[in-house]
Amino acid sequence: MGLIIDTDLCTGCGACVEECPFEALELVEDHAQVNDKCTLCGACVEVCPEEAISIEEVERGEDQRTAQARGVWVFAEQRGGRMPQVVAELLGQGRRLADELGSELGAVLLGHQVEPLAAELFAWGADVVYLADDERLARFDDDIYCRVMAELIAAHVPEVLLAGATSLGRSLIPRVATAVATGLTADCTGLSIDPDNRLLLQTRPAFGGNIMATIVCPQARPQMATVRPRVMKPAPRQDGRQGRVERVSLDGGLTPGTEVLEVVEALDDRVDLVGAEVVVTGGRGLGGPEGFELVRQLAEALGGVVGATRGAVDAGWIGHAHQVGQTGRTVAPRLYVALGVSGAVQHLVGMQSSDCIVAVNTDPAAPIFRVATYGIVGDLYQVVPAMLERLAQRRG
Ligand SMILES: Cc1cc2nc3c(=O)[nH]c(=O)nc-3n(C[C@H](O)[C@H](O)[C@H](O)COP(=O)(O)OP(=O)(O)OC[C@H]3O[C@@H](n4cnc5c(N)ncnc54)[C@H](O)[C@@H]3O)c2cc1C
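The rules behind each value
- Residues numbered from 1 in each chain as written.
- Predicted model: local features only at pLDDT ≥ 70, side-chain atom pairs only at ≥ 80, totals over all residues.
- Heavy atoms only, no water.
- Near = heavy atom within 4 Å.
- Polar contact = N/O pair within 3.5 Å; in protein donor to acceptor, adjacent residues only side chain to side chain.
- Areas by Shrake-Rupley, 256 points an atom, 1.4 Å probe, with all protein chains shown as cover.
- Nonpolar A, V, L, I, M, F, W, Y, C, P; charged D, E, K, R; others polar.
- Axes fitted to C-alpha atoms, helices over the stretch in contact; angles between N-to-C directions.
- Helix = DSSP H or I, 4+ residues; strand = E, 2+ residues; numbered from the N terminus.
- Parallel < 35°, antiparallel > 145°, perpendicular 65-115°, else oblique.
- Left-handed = near helix turned anticlockwise from the far one by under 90°.
- Contact = heavy atoms within 4.5 Å.
- Salt bridge = Lys/Arg side-chain N within 4 Å of Asp/Glu carboxyl O.
- Pairing = 2+ DSSP bridges.
- Expected span 1.5 Å × (residues − 1).
- Buried < 20%, exposed > 50% of the residue type's maximum accessible area, 1.4 Å probe, protein only.
- Core = buried A, V, L, I, M, F, W, Y, C linked by side-chain atoms within 4.5 Å.

Draft legend 1. Region of interest: the site of the ligand. Near the ligand you find 26 residues, and of these R284, T309, T327, S342 and N361 are the closest. At a separation of 2.9 Å, an oxygen atom of the ligand approaches a polar side-chain atom of H347. One of the side-chain N or O atoms of N361 is found 2.7 Å from an oxygen atom in the ligand. Out of a free accessible area of 990 Å², the ligand has 75% covered by protein chains. Its residues placed into classes, the shell around the ligand shows five nonpolar, 17 polar and four charged.

This is the structure in structure tokens:
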């Protein structure tokens, strides 16, 4: 797409220059001229009295690469030979998309001595594994990984590429999207195919979580999306399922631009919210930081971990590592207990796929009750001690 100014029609009136919110237009020798600040917002097109400005659309289908792109790919991230659960979740979703498109499901596996992981990828639904096994890929380096991914994409032109919104995925995938000049939708909560035009419909919260936006990438390939862990469900595992391994040979020019001196595990990561089977979350209804002692007791009694709303985190009652929601972690435990949590949409997007949700709130109209499996209208300071007592009795 591009902004076209018909210099025969343009009278140099300057209406577009005044209207442009990005200072992307100027008058040069009595004609409007566009610079690289233009975002193609279209404000100038609307305001031009001579209809001298237009946005030229590249028709879908004109780009041969787009038309020829085939295959759904999942980036099979691994560290030290271990893949996070999100890879299986993405393969489950990728399988559904590939079946709808009538395409193969590919997994891209980069690392050193990682070939045994290919069997895992087939078991979770991959048809083909693109394997780049090289000692230069032993440790994650976003520059080198990006170059390998970009070359693979250029060679095969997949239609869709999915990756986990993990720290590794968030570091790598935007670079890859830039390198291959395509779009990327981060933190998708829903992915489906428009059967009329093979477009990937990428749904994610927008405007502070107040609306769900569905985003498409009509002109460039692959259509790229990241998904947070625990948002999608893996397909049932099929041990012994076979697939094809395509080995990727790397050229000699893969010198890292950075040197890793030491890897230090972040203390925050010790709260394994994402992998927990039980999460007990405290909100502002706790009334203060001391309320988290009760949350901890219940989490311990249930064999779970402590979560928190942003309200509680912003109040300084507990660290951000515990935050569940749009700007925290996405969780989908078997049991989620929400204590004094109102259920703002930004919180719900991070926990509503939990198998069983128990909410305790004094306000019967609190939105958390709309997603709760069991809702208890009451004061958490009465309800939780009663729960603890009952749990102690059962244990005894
Ligand atoms: C861009 C953006 C991103 C955001 N990201 C997140 C996010 O990741 N995670 C998140 O959680 N929020 C997020 N928020 C904030 C979100 O909008 C809410 O403000 C927040 O979730 C509210 O936290 P809360 O439920 O603890 O507090 P409140 O909304 O104040 O709710 C407290 C609840 O406790 C109940 N209560 C009070 N006393 C008791 C009692 N004694 N017993 C039982 N119940 C009681 C009240 O009835 C009330 O429903 C985000 C907001 C924005 C704009």
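Draft legend 2. Structural detail: the packing of helix 6 (residues 142-156) against helix 7 (residues 167-179). At a closest axis distance of 9 Å, the pairing of helix 6 and helix 7 adopts a crossing angle of 45°. Taken as axis vectors, helix 6 and helix 7 run oblique relative to one another. In this structure, the crossing between helix 6 and helix 7 has a hand that is right-handed. Of the residues in helix 7, those touching helix 6 at D142, D143, Y145, C146, M149, A150 and I153 are S171, L172, I173, R175, V176 and A179. Across the contact of helix 6 with helix 7, the residue classes tally to nine nonpolar, one polar and three charged.

Draft legend 3. How the structure looks around the environment of R237. Its location among the elements puts R237 in the loop between strand 13 (223-227) and strand 14 (244-247). Distance from R237 to L121, taken between C-alpha atoms, is 9.6 Å for residues 116 residues apart in sequence. Apart from residues no more than four positions distant in its own chain, R237 is found in contact with E120, A123 and W124. A distance of 3.1 Å separates polar atoms of two side chains, one belonging to R237 and the other to E120.

Draft legend 4. Looking closely at the pattern of salt bridges. One pass over the full model with this rule turns up 18 salt bridges. Among the charged side chains, a network of salt bridges with common partners joins R95, D99, D127 and R241.

Draft legend 5. Main features of the sheet that holds strand 11 (residues 199-206). The three strands lie next to each other as 10-11-12, forming an open sheet whose pairing is antiparallel. Each having just a single partner strand, strand 10 (190-194) and strand 12 (211-215) make up the two edges of the open sheet. Shown here is a sheet whose adjacent strand axes are inclined to one another by a mean of 30°, direction ignored. Bridge count for strand 10 against strand 11 is five bridges, and the pairing is antiparallel. Directly across from I193, in strand 11, lies its bridge partner L200. On the sheet, helix 4 (residues 85-101) packs against strand 10 and strand 11 and is oriented at approximately 5° with respect to strand 10.

Draft legend 6. Spatial organisation of the sheet that holds strand 13. Ordered by their spatial adjacency, seven strands build an open sheet running 9-13-8-5-6-7-14, and the pairing between neighbours is parallel. Lying at the two open borders of the sheet, with one neighbouring strand each, are strand 9 (184-188) and strand 14. Neighbour to neighbour, the strand axes of the sheet diverge by 25° on average, direction disregarded. Across five bridges, the pairing between strand 8 (residues 160-164) and strand 13 is parallel. Residue pairing across strands places A163 opposite T226, the latter belonging to strand 13. Across the face of the sheet, helix 6 comes into contact with strand 5 (72-75), strand 6 (105-111), strand 7 (128-133), strand 8 and strand 14 while running at roughly 150° to strand 6.

Draft legend 7. Summary view of helix 6. Across its 15 residues, helix 6 extends 21 Å between first and last C-alpha, which sits within 8% of the 21 Å expected from 1.5 Å per residue. Residues of helix 6 that are buried include every one of I144, Y145, C146, V148, M149, A150, L152 and I153, and no others. The N-cap residue of helix 6 is D141: its side-chain oxygen and the backbone nitrogen of D143 are 2.9 Å apart. Immediately downstream of helix 6, the backbone of V157 shows phi near 45°, a positive value.

Draft legend 8. Just the side chain of S354, in detail. Along the chain, the position of S354 falls in the loop between helix 10 (345-348) and strand 18 (356-361). Among the polar contacts made by the side chain of S354, one reaches the main-chain carbonyl oxygen of M351 at a distance of 2.6 Å. Excluding its chain neighbours within four sequence positions, the residues that come into contact with S354 are V331, A332, P333 and Y336.

Draft legend 9. Unusual backbone geometry, seen in detail. Following R221, the chain continues into P222 via a peptide bond in cis, with omega recorded as 0°. By the element assignment, P222 lies in the loop between strand 12 and strand 13. With a phi close to 65°, D30 is a non-glycine residue in the positive phi region. Note that D30 resides in the loop between strand 2 (25-28) and strand 3 (31-34). For R198, which is not a glycine, the phi torsion comes out positive at approximately 60°. Relative to the assigned elements, R198 resides in the loop between strand 10 and strand 11.

Draft legend 10. Local environment of the nonpolar core. Membership of the largest hydrophobic core comes to 34 residues, with the highest contact counts inside it found for L91, L109, L121, V129, L162 and L191. Taken together, the elements giving at least two residues each to this core come down to strand 5, helix 4, strand 6, helix 5 (117-123), strand 7, strand 8, strand 10 and strand 13. Broken down by element, the residue count for this core peaks at eight residues, all from helix 4. Each residue touching L121, except ones within four places of it in the same chain, is listed here: A76, M83, V87, L91, A107, L109, A126 and V129. In this structure, W73, A132, L168 and M224 belong to the second largest nonpolar core, which totals 27 residues.

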